[in-house]
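Below are the chains, spelled out letter by letter.
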Amino acid sequence: MTEMDILQLNAELRGIPALAGLPDEVFAWLTEQGEELRLSTNEVYLREGGVADRLVIVLEGELHARVERPERDGQVYVIPSGQISGKLPFSRMTHYGATIRAVAPSRVFWLDAKHFPELMQSFPALLQRLVEVMSDRVREVTR
């Protein structure tokens, strides 16, 4: 990634509602540790049953998570641009319960779960935001 790409990614992450207003160090760390990926329309990003190993932020486009087993086929949830999904710190999720695919050309930023211990120790404000995202997600699924 060029320095310009890093600056652009940093600015995009600052625009994610759940991350707004966090300190500069958080965004510098995220851009250093995470990766950006481009997806084509209908491209599968993560497969149902795969190991839940990453936090995902949709920067552009939209992802749909869908259970694809015959006995439970159907839409599970939509992950629009600006949303955080995937595995979160303190989540008990071990495997993805649905296949996640792009429904339009999309860009995602992802952070490997191996970085969660450092995140939790070094960035308590970010951790608090991610716990709020997880709480909101649990509330929505319960509805």
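Since the model is a prediction, treat every value here as computed from it, not as a measurement.

Draft legend 1. Looking closely at the nonpolar core. Ranked by size, the top nonpolar core spans 25 residues in total, and within it Leu13, Leu19, Leu30, Leu55, Ile57, Ile84 and Leu126 carry the most contacts. Those elements that place two or more of their residues in this core are helix 1 (3–14), helix 2 (24–33), strand 3 (54–60), strand 8 (106–112), helix 3 (116–122) and helix 4 (124–142). Looking at this core, the element that brings in the most residues is helix 4, giving 5 residues. The contacts of Leu30, once residues within four sequence positions are left out, are Leu13, Leu19, Phe109, Leu111 and Leu126. By size, the runner-up hydrophobic cluster in this structure holds 16 residues, among which are Tyr45, Ile79, Tyr96 and Ala102.

Draft legend 2. Structural detail: the environment of Glu68. Tracing the chain through its elements places Glu68 in the loop between strand 4 (62–67) and strand 5 (74–80). In this structure the side chain of Glu68 is engaged in a polar contact, spanning 3.4 Å, whose partner is the side chain of Thr99.

Draft legend 3. Examining the sheet that holds strand 8 more closely. In space, the 4 strands of this open sheet follow the order 1-8-3-6, with antiparallel pairing throughout. Two strands lie at the open edges of the sheet, namely strand 1 (35–39) and strand 6 (84–86), each paired on one side alone. Each strand axis lies, on average, 35° off the axis of its neighbour in the sheet, ignoring direction. Relative to strand 8, strand 1 is paired through 5 bridges, and the arrangement is antiparallel. Note on strand 8: the bridge partner recorded for Leu39 is Ser106. The strands that helix 1 touches are strand 1, strand 3 and strand 8; relative to strand 3, the one it contacts most, it runs at about 95°. Packed onto the sheet, helix 2 meets strand 1 and strand 8 and runs at close to 95° relative to strand 8.

Draft legend 4. Expanded view of the pairing of strand 3. Where burial is concerned, most of strand 3 is hidden: 6 out of the 7 residues are buried. Here strand 3 runs beside strand 8; their pairing, made up of 6 bridges, is antiparallel. The partner of Glu60 across the bridge, within strand 8, is Arg107. Alignment of strand 3 against strand 6, held across 3 bridges, turns out to be antiparallel. Across the sheet, the residue bridging to Ile57 is Ile84, located in strand 6.

Draft legend 5. Up close: the side chain of Arg107. Note that Arg107 resides in strand 8. Reaching out from Arg107, the side chain makes a polar contact with the side chain of Glu12 at a distance of 2.6 Å. The contacts of Arg107, once residues within four sequence positions are left out, are Glu12, Glu36, Leu37, Arg38, Ile57, Val58, Leu59 and Glu60.

Draft legend 6. View of helix 1. Between its first and last C-alpha atoms helix 1 spans 17 Å; for 12 residues at 1.5 Å apiece the expected length is 16 Å, and the two agree. Regarding helix 1, the residues found buried are Leu9, Asn10 and Leu13. One side of helix 1 carries all its buried residues, which in axial view fall inside an arc of 105°. When the buried face of helix 1 is taken as reference, the exposed residues oriented beyond 90 degrees from it are Met4 and Leu7. Tucked inside the fold, the buried residues of helix 1 contact helix 2, strand 1, strand 3 and strand 8.

Draft legend 7. Region of interest: the packing of helix 1 against helix 2. Remark: helix 1 packs on helix 2, axes separated minimally by 10 Å, with the N-to-C direction vectors making an angle of 125°. Judged on the interaxial angle alone, helix 2 and helix 1 are oblique. You can see that helix 1 and helix 2 cross each other, and the crossing is right-handed. Facing Ile6, Leu9, Asn10, Leu13 and Arg14 of helix 1, the residues of helix 2 in contact are Asp24, Phe27, Ala28, Leu30 and Thr31. Residues of the contact of helix 1 with helix 2, tallied by class, amount to 6 nonpolar, 2 polar and 2 charged.

The rules behind these values
Residues numbered from 1 in each chain as written. Predicted model: local features only at pLDDT ≥ 70, side-chain atom pairs only at ≥ 80, totals over all residues. Heavy atoms only, no water. Core = buried A, V, L, I, M, F, W, Y, C linked by side-chain atoms within 4.5 Å. Buried < 20%, exposed > 50% of the residue type's maximum accessible area, 1.4 Å probe, protein only. Helix = DSSP H or I, 4+ residues; strand = E, 2+ residues; numbered from the N terminus. Contact = heavy atoms within 4.5 Å. Polar contact = N/O pair within 3.5 Å; in protein donor to acceptor, adjacent residues only side chain to side chain. Pairing = 2+ DSSP bridges. Axes fitted to C-alpha atoms, helices over the stretch in contact; angles between N-to-C directions. Expected span 1.5 Å × (residues − 1). Arc of directions from axis to C-beta. Parallel < 35°, antiparallel > 145°, perpendicular 65-115°, else oblique. Left-handed = near helix turned anticlockwise from the far one by under 90°. Nonpolar A, V, L, I, M, F, W, Y, C, P; charged D, E, K, R; others polar.

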